[in-house]
There are 2 protein chains.
Amino acid sequence: MLAPPMLKIALDYAYAMRDGTPGGLDRVEFDRAQPSFEAALDAVLAKVTDGTLGFWDAPADAALGKAIADFAARVPAEVEDVLVLGIGGSSLGTRAIMNALAGPPELTYARPGRRIHLPDNSDPWVLAELLRLLAPGKTLALAVSKSGGTVETAAQVLVVREWLEKGLGAKWTERFAVVTDPNVGPLREMARAHDLAAFDVPSNIGGRFSVLTAVGLLPAAMAGLDVAGVLRGAASMAEQCRSRQLASNPAGVLAVVSTLQHRLHGRNIHVLMPYADSLRSLTAWFVQLWAESLGKRTDRAGRTVEVGPTPVPAIGATDQHAQMQLFMEGPRDKILTFIDVKERPVDLPIPKADGAFGYLGGHTLLGVLDAELRGTRLALARDGRPSMTVEIERVDAEHLGALFFLFEAATAIAGELYDINAFDQPGVEAGKRLAFGLLGRKGFEDARKEVEDAEACRPTSYRVAT
Amino acid sequence: MLAPPMLKIALDYAYAMRDGTPGGLDRVEFDRAQPSFEAALDAVLAKVTDGTLGFWDAPADAALGKAIADFAARVPAEVEDVLVLGIGGSSLGTRAIMNALAGPPELTYARPGRRIHLPDNSDPWVLAELLRLLAPGKTLALAVSKSGGTVETAAQVLVVREWLEKGLGAKWTERFAVVTDPNVGPLREMARAHDLAAFDVPSNIGGRFSVLTAVGLLPAAMAGLDVAGVLRGAASMAEQCRSRQLASNPAGVLAVVSTLQHRLHGRNIHVLMPYADSLRSLTAWFVQLWAESLGKRTDRAGRTVEVGPTPVPAIGATDQHAQMQLFMEGPRDKILTFIDVKERPVDLPIPKADGAFGYLGGHTLLGVLDAELRGTRLALARDGRPSMTVEIERVDAEHLGALFFLFEAATAIAGELYDINAFDQPGVEAGKRLAFGLLGRKGFEDARKEVEDAEACRPTSYRVAT
């Protein structure tokens, strides 16, 4: 039933190796990583097999794709706006899909078709403007939270539920769907109590690894995008990433080169720089994935290690005029991953001109973009500043799905190589606890006092004011 | 003539000091920086006085504000779209202004009023969609490039000029304005040849310091925003940043704390994290300013130093669900600067609820946001992870102008403290030269051969492909 494989994707890491750049890895260093890579991959796949790690097999879930498509097909045509209430892993993947497959975000309202809104902050600025703008009768709300209790999402759920109820009365329940834990949590309870449409975030898939579940795919399907293609591309990449030969496993190479560049050469900053405006939001999704998965205080044995590369988003060619000066001349603490797109949906020929612009005539904008990527990459490599390039044939559903999976698998493998748990996020609990205290949540009374005492005792002399 | 000062802005750096966090600076260390700060400020102001550094006095240029307002007032009402052709320093400031003062970018087409478009890439994806969408008769193009020769902008200028000419004939010249060097360069020549409206980027103001000139203010004025307010806020901040007492100079404190945290404590990653969606694009503007100004290979004496902190953009509370895990538990290589906004244009009350969401009833979304900032900041400080907070009364023209100037002045002072030239960008030349070679530009024939030879010799075995 699958279409013939249209996936053309390659990872070129010559400019991360000593043969390609003075800042690169020895081939020997790289080859020596084969056993640790194998162990890392085996550890990941063991968790896949025993069911504790769900993201790897998610793309092969044919029933999921069908359920999502069925639901999307039943959404009434009068629904023009989908209000996604979610934050972090519950919104960044959807943003990446919409940016890549629907068009530039700033042109949302200039396009035909259903709009997907992502007011993913407890700052009410965007949501308030949306509630003024949208009509309850033409809107469907989709609350996305794995635990079902995320505070920002919970607050928005209460606000939007009231807004829908005011507009639609008891029929608000027809316009409110949830994506959450299959069994427990406040959103699941709300869905049961009001018979809301509900989809699962499988218990063994964490938020930042959930784009290939209903979390990312349900909004995409409601926008009319090719969800099956996304899953197909991801499944194909999942197959390839099972290879136990490092040199034929793109996720393995991404993970090994990144972690070796960090450990052996101190490059603790990982830049993701697609030369494509349509992949801008993919970089934000990657930043969460890499930062939250690999930034950890303790290793698996409980020893304090405080590791984690810092991911940095960039866009080519735009950032040649912003961050490239630093990448080119600053500390040698970075490795870049470019994404190069071969076929594009559109190009603009540059008219002939006299004088200073004469050299541009006969070229196209894409020709300029291509020259810039090649020039920049080579200039970096010559100066000993390493990079890799992910080449994709085009930005479509298949290739986007493959990119999602590639980075997810690379993250899981890198977590093993760092010997940390890539699937938890204990570090945000301390701040959350203090915030709950301030909000008067039961059981957090001590936390409120802690913040108030600390703020009262904060030295006041370190302050400059107008 | 000026409105009464409405500016309320403060910089609190208690959580960057030992008294406020175990990861902070000694008061003695800080006080010891007074002489080097004074020398740095004096060096900056000497360049201001002798005319080599123009950004400091730009906000006081009353004639500029008037000229911009006059031009904007004469733009015909039928112009619904302004197509800004510029990249880097020629677009990031405008993006920041529009985001802060006009509204969420993704709602551009849902708002009344003139639209400002910023297709700031040689990727044709956005520009091509705009050219399909816009009508030449309702569009004004604004080309922005200090040198007038920026390749991405030049290519877009030729494309858009042809598009306008096809639509309007000889009258295209009435719908094409430029902001460029006062005397030289291809855009200036084009303006002269066709009698186009033209504004200056003063020769002594670099692209990334140019938001408070026509570069940022002309698009803002055409969008009907309060340009005079932006200048007023910036001018007020410029006054305050002349203080030679470190403890009363907010730009000095930002620069000194950041550079001391880097030098003494190895914190080479500087996170800017406003708790406000309207300041999202300000972080991208800051990233360019900080990265391109401070990332330098050589110091003033020509010694190789390869310095430069890496700026990282973040948004509160959203990034508590993305990057905060890394900031909280990862390497102690970061200092955060929060921006806290006191008054907001709108809030959303959270309806009462039973059960798990009960604690939220009676709060508002802003209450949640505030609790999150306070909780997160304190949790970081307790763990020895330093931060500063810029507090502003509200996001309006005055405060935005003040923020722009604050970060510009801090950057200039930090450049002196690093003993590098904060106002050049030599590092991007190497890549540009190679790209020009590929584009067949005259005089760059060698560069073409260099790229082709290098690519031909690139080892091909470091490649994984589907």
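An account of the accompanying structure is given in this report. Just so you know, these numbers come straight off a predicted model, no measurement behind them.

A short note on unusual backbone geometry
So, point 1. Cis geometry is adopted by the peptide bond preceding A317 of chain A, which originates at G316 of chain A and carries an omega value of 0 degrees.
So, point 2. Its location among the elements puts A317 of chain A in the loop between β10 (310-313) and α12 (324-329).
So, point 3. With a phi close to 55 degrees, D195 of chain B is a non-glycine residue in the positive phi region.
So, point 4. Looking at the secondary structure, you find D195 of chain B in the loop between α7 (186-194) and β6 (197-200).
So, point 5. The phi torsion at D419 of chain B lies on the positive side, around 60 degrees, for a residue other than glycine.
So, point 6. Along the chain, D419 of chain B turns up in the loop between α14 (397-418) and α15 (429-438).

Considering the relation of the copies chain B and chain A
So, point 1. For these two chains of identical sequence, chain B goes onto chain A by a turn of 180 degrees and a shift of 0.0 Å along the axis, with RMSD 0.0 Å. The superposition operator between the copies reduces to a two-fold rotation axis. No C-alpha of chain B approaches the rotation axis more nearly than that of E106 of chain B, which lies at 2.0 Å.
So, point 2. Both copies present the same face, since 99% of the interface residues in chain B are matched by interface residues at the equivalent positions in chain A.

Quick look at the layout of surface pockets
So, point 1. If you add up the space inside the second largest pocket, you get close to 860 Å³.
So, point 2. For the lining of the second largest pocket, the elements supplying multiple residues, two or more each, are α6 (151-168), α11 (280-294) and α15 (429-438) of chain A together with α12 (324-329) and α13 (365-382) of chain B.
So, point 3. For the lining of the second largest pocket, the residue count by class is 15 nonpolar, 19 polar and 10 charged.

Observations concerning the sheet that holds strand β3 (residues 115-117) of chain A
Residue and element names in this part refer to chain A.
So, point 1. The strand order across the open sheet built from 5 strands is β3-β2-β4-β5-β6, with neighbouring strands paired in parallel fashion. Two strands lie at the open edges of the sheet, namely β3 and β6 (197-200), each paired on one side alone. With strand direction ignored, the average angle separating the axes of adjacent strands in the sheet is 20 degrees.
So, point 2. One ladder, built from 4 bridges, connects strand β5 (residues 176-180) with β6; its direction is parallel. Paired with V178 across the bridge in β6 is A198.
So, point 3. Along the sheet, helix α7 (residues 186-194) makes contact with β4 (139-144), β5 and β6, crossing β5 at roughly 140 degrees.

Comments concerning the side chain of E292 of chain A
So, point 1. Looking at where E292 of chain A falls in the secondary structure, it is placed in helix α11.
So, point 2. The class of E292 of chain A is buried, set by a relative accessible area of 6%.
So, point 3. When sequence neighbours within four positions are dropped, the list of residues in contact with E292 of chain A reads R208, V287, D424 and Q425 of chain A together with Q320, H321, A322 and Q325 of chain B.

Rules and cut-offs
- Residues numbered from 1 in each chain as written.
- Chains lettered and ligands numbered in written order.
- Predicted model: local features only at pLDDT ≥ 70, side-chain atom pairs only at ≥ 80, totals over all residues.
- Heavy atoms only, no water.
- Helix = DSSP H or I, 4+ residues; strand = E, 2+ residues; numbered from the N terminus.
- Least-squares fit on C-alpha atoms with pLDDT ≥ 70 in both.
- Contact = heavy atoms within 4.5 Å.
- 1 Å grid on protein atoms, 1.4 Å probe; cavity = no way out; pocket = protein on both sides within 12 Å on 5 of 7 lines; lining within 4 Å.
- Points joined across faces, edges and corners; volume = space filled by probe spheres on them.
- Nonpolar A, V, L, I, M, F, W, Y, C, P; charged D, E, K, R; others polar.
- Pairing = 2+ DSSP bridges.
- Axes fitted to C-alpha atoms, helices over the stretch in contact; angles between N-to-C directions.
- Buried < 20%, exposed > 50% of the residue type's maximum accessible area, 1.4 Å probe, protein only.

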